[in-house]
Amino acid sequence: EDGEWKISHHHSSVMPEGKPSAEPITKERVRNLFHLWNDALATGESSIVASRYAKEAVLLPTVSDAARYDNDSIKDYFDAFLLKQPQGEILEG
């Protein structure tokens, strides 16, 4: 999107098998993208985290049962979620 990688579908338990992709993604690229998202979390700013998502992204959050379908609702989710000061960690791979 606008020449920048954005999250278009995010759910912690959905695997990407079967989703079409223009080219295979490398493990290093996945790690780098994870760090961009995790760094956004570390800012504590919901607008920065929400900006990591594509304009038509779908967020199926882990601590809410309400899907988010646009930037405003994704930002709203992270307004509350960031109060928990989350940080991700790559455990393997």
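Look a little higher up for the structure.
Given the structure is predicted, the values throughout are model-derived calculations rather than measurements.

A. Layout of the pattern of salt bridges. Counting across every chain of the model gives one salt bridge. Between Lys75 and Asp79 there is a salt bridge; the shortest N-O distance is 3.2 Å. Within this pair, Lys75 and its partner Asp79 are both found in helix H3 (residues 71-81), separated by four residues, close to a single helical turn. The partly exposed category is assigned to Lys75, whose relative accessible area is 30%. The exposure class of Asp79 is partly exposed, given its relative accessible area of 37%.

B. Focus on H3. Listed in full, the buried residues belonging to H3 are Ser73, Ile74, Tyr77, Phe78 and Phe81. Looking down the long axis of H3, one finds its buried residues gathered within 140° of arc, a one-sided arrangement. The inward-facing, buried residues of H3 abut helix H1 (27-43), helix H2 (46-50) and strand S2 (53-60). Two or three places before Asp72, at the opening of H3, Asp70 has a side-chain oxygen 3.2 Å from that residue's backbone nitrogen.

Here is what the cut-offs are and how they apply
Residues numbered from 1 in each chain as written. Predicted model: local features only at pLDDT ≥ 70, side-chain atom pairs only at ≥ 80, totals over all residues. Heavy atoms only, no water. Salt bridge = Lys/Arg side-chain N within 4 Å of Asp/Glu carboxyl O. Helix = DSSP H or I, 4+ residues; strand = E, 2+ residues; numbered from the N terminus. Buried < 20%, exposed > 50% of the residue type's maximum accessible area, 1.4 Å probe, protein only. Arc of directions from axis to C-beta. Contact = heavy atoms within 4.5 Å. Polar contact = N/O pair within 3.5 Å; in protein donor to acceptor, adjacent residues only side chain to side chain.

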